[in-house]
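Observations on the model geometry
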Amino acid sequence: MTFVPLIGAAAMMVVPRAQETLHKGIALITSLVAVGLGVAVIGAFDFDQAKSMQLVVDKSWIEVINSRFIMGIDGLSMPLLLLTLFIVPLVLIYSWNHIPSPGNAKAFLILILILETGMIGSFVSQDLILFFVFFEVVLLPMYFMIGVWGGEQRQYASIKFFLFTLFGSALMILSFIALFFLVKGADGQALNTFDMAKLSEAGGAGIAKTTGLVIFGGLFVGFGIKVPMFPFHTWLPDAHTQAPTQGSVILAAVLLKLGTYGFVRIAIPMLPEAAHSWAPVIAILATIGIIYGALGCLAQTDFKRLIAFSSVAHMGYVMLGISTLTSYGINAAVFGMVAHGLITGMLFFIAGSVKDRFHTLEIKRLGGLLLQTPKLGWILGFCTMASLGLPGLAGFWGEFPAILSAYQPADGLSVALFRTCMVIAAIGTVLAAGYLLWLFQRVAFGRPSEEFENDSSIHDVVATEWIAWAPILFLILLFGFLPGIIFNVTNPAVSAIAAAAQLVGG
Amino acid sequence: MSALLATAGGWTAPTLDFHALAPEIVLLGTIVVLIIADVVLLERAKPIISALAGIGLLGSLVPIITLTVSDSGTREMFDGGYVVDSSALLLKAFFVITGYVVVLLSTNYVAEGDYWESEYYTLTMCSILGMIVMASSRDLIGIFVSLELLSIPAYMLAGWRKRDVRSSEAGLKYYLMGVFATGIMLYGMSLLYGVGGTTDLAGIGTAISGENSEVITLAVIFTIIGFGFKVSAVPFHTWAPDTYEGAPTPVTAFLAVASKAAGFVALINLVYYCFLGRSNVVAPLMFVLSALSMTVGNLIALRQTNVVRMLAYSGIAQAGYILAPFVVADQVPSGLSSIVVYLVIYGAMNLGAFAVVIAVARKTRSAEIDSMRGLFQFAPGLTVAMTVFLASLIGIPPLGGWYAKFGIMKALIDGATGWAYALVVILAVNTVVAATYYLRIARVMWFEDAPDGDIAPVKVPASLVTAMAICVVATLIFGVFPGLLADAASVALGG
């Protein structure tokens, strides 16, 4: 399944550039085939056993370094995998008549498909090196996407994105190799493996405390940049603002999750002891991220940049949930990832459409969306409500339990500290309501500004947009009412991870 | 020497294993054929001469393959002075294929540039012969002779565009620096011989590992420094950028890949078969050379405006990476395989990059980075190929470069010494610095518009396309299935 998009991309390479519709068709079909396979995976997946890896493929790959081609799915990867499969076709549908300038649908769509391969691969890899390979595959297409199809500051934004992430990956791979050599099995021998399951099982046995802290530090920087956590977040607003709509959506919906997924899948189970020592740091930085992101939002004059900063804040909640090391918190975090992926992805879609119509994202110049394009305005309203965590919509179930979980962190962690973080994070939600409602008010209420008032070319939501958006809106609502759909899948796998972390801490 | 030994009495002629020597013999035969063709056919030889050279190189691959398959284990000659084992065979195959790609790169360049064609190929072949001899040499004499055999033709090739002042500068600078380095190295070797009483590397190794004297330290340092020039490690790198820029570009590719790799092969032979007992000298020296090379090389590369010069400095930085496993040669003998793997992948991606530069220069007549502006608009194929090579150089999976770097990092961390940990962090930071200038080329090619809106396509001759195809395929295959290469390299080292 991972490689389906690549086949599509290969097919598109041989089709001449002029036949744009054909390209769009192939890309869409490819991604739909991937969705089909995803549905088949759901069918084959035994939800009673969501705790353990299923549908495992295990083949020899690079024998010399004992790295194997292992792929598998458990309750933790499942929602994120489906999120990826779900978002990509919608992005492609949106692209049907929204290929950003300077055109060249062929290259653009090929890049999206390569991105999809990288993302899916990262979520299903069960070998550190394989994970690393897919993790990195994502970099280059994103770089080109921002650099070629981005806004005015695109060159600066793309290189900043690339260098930040590359720096993180360099430290990450060093940590991986250190794990390879240092983790010891039950018999006291070094494991010398990159197999995630075996490494998690060993739980960092045989690593001295300080060494573990350093290795975790490497992983922390690697994943933290991707998330992005404060203070590594500075690439994000630039990248988001400059990226084309499709790039922003994929970036927000899926790429950021690679970082948080890495924490839950790799950093915490493999080094539970170090995770305990780092947890307060993560919690503090996450809380700073929440407040900083919110304040950043209040200061923004650009629609897209504001959403980007709100991402920093939302990922702060996710990280806060993770830092509690409790199954409650991590469950909330995984839910938060999915919810954020849907809601923020949707907000970026809207931003893209607003830009299409008004050719600006200056909040000051916009206004009266509800009068001029009522449907678009109401969708924006819906998404801002979801984003600020209104109960009944998906955002609530990511944010609220994450805050609650900080009330009772895992044994051994400072309760006082986490409760302080909890209070501050709760204040963050008020700020979130503030900036989102204020945004909505400025953009949607009032009268359209004079320059656009009589512009008849501004039209409401069109068919391709409806097709791309309706499923997302539906899911936001569905997960809002029935959060159990996700929690039930993730809980077994997450509990196992949290239990391992508890064991060490207690 | 044989006369000397004969007078000593009891001398028996060494047994020659002709199968083991077959690759060298085929190459030598090709060189003779080239010379005869030139003498007999004169001008008429021109169209066929490069084809002959290519066929000769491919021909010498045949015995290399049969030797690999023959499974008779290691073949030794001349009392262990000339060894044909699987690691030597891997390197020989690498040198021969590199040589073949260089011939492909040269075909149109030399023919259209009105150079001395048959001499050009004859000299190139001589140099390649020196390299494959180097791969087997386990003896000071053998190392020295093969080094000269591969260097002297290269000095001439660097100055091949003799009406061009910069090419003459390139040749002269390379020659003077090379001779100077050889002098230092030879002095070191003479000290080694004085201490060890033999030219055999293993014998010297035993002799020098026992005691610790200043003479030995000096000998080791001098010998390594001599090769430091050859692999253009900082601070012995100053010749490289000027020589690379001035020399004809195919020759530059040859120097940057094959000649440098040969220098590393010599270092491998010396360090891993001889100096292991003296790692108290080797490790700090290599640490300094390695850390300086990668840092200085990358920082200067940031400021280059010429692609070839940039590749030269990137080559210096990569020499730094390749030197890194030598720091832990004592603790991690298997680090040797990471060096070999890096060399092969380095060869593929750099030759490929040079091939693209040569192809683009056919239209723009320039190797300035600015001349590649908007390349995507008029040569999308070349752009994609170049992007593959650049991404591989940065180290993005699934292209070969990532595994090359990974192997080196792994060897260093395995070494688990303070030096190694320090070096691996320096290496990681350098990777990011390097990405900046590689991406600059990518940016210029993809994001900017062609100068003057000139989007006439570039005509790329078939030989260049073949060369690029070989490099792209190698870069991809070794990236997706690094096992192929890594297994071969580690089997070659006896597991």
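Quick caveat, the model's predicted, so the values are computed rather than measured. (Residues numbered from 1 in each chain as written. Chains lettered and ligands numbered in written order. Predicted model: local features only at pLDDT ≥ 70, side-chain atom pairs only at ≥ 80, totals over all residues.)

A look at the pairing of strand β2 (residues 67–73) of chain A
All names here are of chain A. With respect to burial, β2 is a largely interior element, five of its seven residues being buried. As paired elements, strand β1 (residues 54–62) and β2 share six bridges and run antiparallel to each other. Of the residues in β2, the one forming a bridge with Q54 is I73. Hairpin connection of β1 to β2: four residues between the antiparallel strands, including N66 at a positive phi of 55°. (Buried ≥ 20, exposed ≤ 12 C-beta atoms within 10 Å, placed from the backbone. Helix = DSSP H or I, 4+ residues; strand = E, 2+ residues; numbered from the N terminus. Pairing = 2+ DSSP bridges.)

A closer look at the interface of chain A and chain B
When the parts come together, some accessible area is lost, and that loss is often what is quoted as the size of the interface. Facing 27 residues of chain A, the contacting portion of chain B comprises 25 residues. Counting residues per element, the ones that place at least two in the side of chain A that touches chain B are β1, α5 (128–137), α6 (139–149) and α7 (154–182) of chain A. Tallying contributions element by element places α7(A) first for the side of chain A that touches chain B, with 13 residues. Considering only residue class, the side of chain A that touches chain B consists of 23 nonpolar, two polar and two charged. (Contact = placed C-beta atoms within 7 Å. Nonpolar A, V, L, I, M, F, W, Y, C, P; charged D, E, K, R; others polar.)

Brief notes about unusual backbone geometry
Omega for the peptide link from F230(A) to P231(A) comes to 0°, which places this bond in the cis form. As for its placement among the helices and strands, P231(A) is situated in the loop between α9 (209–226) and α10 (235–242). Cis rather than trans, the peptide bond between P397(B) and P398(B) has omega equal to 0°. Looking at the element boundaries, P398(B) is found in the loop between α16 (380–394) and α17 (400–415). Phi is positive for S232(B), which is not a glycine, with a value near 55°. Structurally, S232(B) can be placed in the loop between α9 (214–230) and α10 (239–246). For S232(B), a count of 29 C-beta atoms within 10 Å gives the class buried.

Structural notes on the packing of helix α16 (residues 374–387) of chain A against helix α18 (residues 415–444) of chain A
The packing of two helices is summarised by the inter-axis angle and the distance between the axes. Residues and elements named next belong to chain A. It is the contact of α16 with α18, at a shortest axis distance of 9 Å, that shows an interaxial angle of 170°. Between α16 and α18, the angle is such that the two are roughly antiparallel. Between α16, through G377, L380, G381, T384 and S387, and α18, the contact on the second element is made entirely by L436, L437, L439, F440, V443 and A444. For the contact of α16 with α18, a count of residues per class yields seven nonpolar, four polar and no charged. (Axes fitted to C-alpha atoms, helices over the stretch in contact; angles between N-to-C directions. Parallel < 35°, antiparallel > 145°, perpendicular 65-115°, else oblique.)

Thoughts on the environment of I339(B)
Residue and element names in this part refer to chain B. Mapped onto the secondary structure, I339 falls in helix α14 (residues 335–364). Judged by the 28 C-beta atoms lying within 10 Å of it, I339 falls in the buried class. When the C-alpha positions of I339 and A291 are compared, they lie 16 Å apart, and in sequence the two are 48 residues distant. Once you skip the residues sitting within four places of it in the chain, I339 turns out to touch F264, I268, I322 and P325.

Let's talk about the confidence of the model for chain B
Residues and elements named next belong to chain B. With 95% of its residues at a pLDDT of at least 70, chain B reaches an overall mean of 85. Per-element confidence in chain B ranges from a low mean pLDDT of 53 for helix α1 (residues 2–8) to a high of 91 for helix α13 (residues 307–327). For this predicted complex, the interface score ipTM comes out at 0.83, while the overall pTM is 0.88. (pLDDT = per-residue confidence, 0-100.)

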